[in-house]
Amino acid sequence: EAIAKLCVPSSLPPNFHEKTRQSARNGIYQLAMATSTYTFKTANSVNEVKREDIEKELNFAGVINFQNSMKEDSPQVIQELREGDIVSAIIT
């Protein structure tokens, strides 16, 4: 939902907030995308642009939803590691 603050409101779908919240409640990870056009004065001026100058008045492009599901055998493997006094960490 952070991208909504950077976008032109009319570029957001009418149900944007409802849909993104619903997906988040369902454990869906989201990657939002937006576009903008920026004109540089010179080729070297790209290095002088401030982030806040580019990240404003964006046009919403869409959301990629994905889910990071646990493999079927993971709970058994984790239990076996615990029983063997092996400390494990799951990083996603």
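My aim in this report is to walk through the structure given alongside it, one point at a time. For clarity, every value in this text was computed on a predicted model and none was experimentally measured.

**A closer look at the overall build of the chain**
Of the regular secondary structure elements, the chain holds three helices and two strands. Tracing the chain from N to C terminus, the helices and strands come up as α-β-α-β-α. Whereas a compact globule of 92 residues would reach a radius of gyration of roughly 12 Å, the chain reaches 21 Å, over 25% beyond that. Dimensions of the chain, computed from the C-alpha atoms along their principal axes, are close to 65 × 35 × 15 Å. Among the 92 residues that make up the chain, the fraction classed as buried is 14%.

**Some words on a nonpolar patch on the surface**
There is a patch of nonpolar side chains on the surface, built from Tyr29, Leu31, Met33, Ile64 and Phe66 and spanning about 460 Å² of accessible area. Among the elements of the structure, strand S1 (29–35) and strand S2 (59–66) are those that each provide at least two residues to the nonpolar patch. In terms of residue count, the dominant contributor to the nonpolar patch is S1 (three residues). Following the sequence through the fold, Met33 ends up in strand S1.

**Looking at the nonpolar core**
Residues Ile3, Ala4, Cys7, Leu12, Phe16, Leu58 and Phe60 constitute the largest nonpolar core, which totals seven residues. Ignoring any residue separated from it by four or fewer positions in sequence, one finds Phe16 in contact with Glu1, Ile3, Ala4, Phe60 and Val63.

**Focus: unusual backbone geometry**
In most cases, non-glycine residues show a negative phi, while peptide bonds are predominantly trans. Look at Glu57: it is not a glycine, yet its phi comes out positive at around 50°. Tracing the chain through its elements places Glu57 in the loop between helix H2 (51–54) and S2. One non-glycine residue, Asp85, lies in the positive phi region at around 55°. Secondary-structure assignment places Asp85 in the segment after helix H3 (74–83).

**Re the environment of Phe66**
Assignment of secondary structure puts Phe66 in strand S2. The partly exposed category is assigned to Phe66, whose relative accessible area is 43%. Remark: the alpha-carbon pair of Phe66 and Arg82, spanning 16 residues in sequence, is separated by 29 Å. Residues within four places of Phe66 in sequence aside, it is in contact with Ile28, Tyr29 and Gln30.

**Here we look at the packing of aromatic side chains**
Note on aromatic pairs: each is described by the distance of the centres and the angle between the planes. Inspection of every chain in the model, using the stated rule, returns three aromatic pairs. Taken together, a centroid distance of 5.2 Å and an interplanar angle of 75° make the contact between Phe16 and Phe60 edge-to-face. In this pair, Phe16 sits in helix H1 (residues 16–25) while Phe60 sits in strand S2, placing the two residues 44 residues apart along the sequence. Summarising the burial analysis for this pair, Phe16 and Phe60 share the class buried.

**A look at the environment of Ala34**
Within the secondary structure, Ala34 sits in strand S1. Ala34 sits 28 residues away from Gly62 along the chain, and the two C-alpha atoms are 7.0 Å apart. Those residues within four positions of Ala34 in sequence are excluded, and the remaining contacts are Ile3, Cys7, Leu58, Asn59, Phe60 and Ala61.

What counts, and at which threshold
- Residues numbered from 1 in each chain as written.
- Predicted model: local features only at pLDDT ≥ 70, side-chain atom pairs only at ≥ 80, totals over all residues.
- Heavy atoms only, no water.
- Helix = DSSP H or I, 4+ residues; strand = E, 2+ residues; numbered from the N terminus.
- Rg over C-alpha atoms; globule rule 2.2 N^0.38 Å.
- Buried < 20%, exposed > 50% of the residue type's maximum accessible area, 1.4 Å probe, protein only.
- Patch = residues over 30% accessible without salt bridge, like charges linked within 9 Å, V, L, I, M, F, W, Y side chains within 5 Å.
- Areas by Shrake-Rupley, 256 points an atom, 1.4 Å probe, with all protein chains shown as cover.
- Salt bridge = Lys/Arg side-chain N within 4 Å of Asp/Glu carboxyl O.
- Core = buried A, V, L, I, M, F, W, Y, C linked by side-chain atoms within 4.5 Å.
- Contact = heavy atoms within 4.5 Å.
- Phe/Tyr/Trp six-rings, centres within 6.5 Å; stacked < 30°, edge-to-face > 60°.

Taken by themselves, the reported measurements are silent on function.
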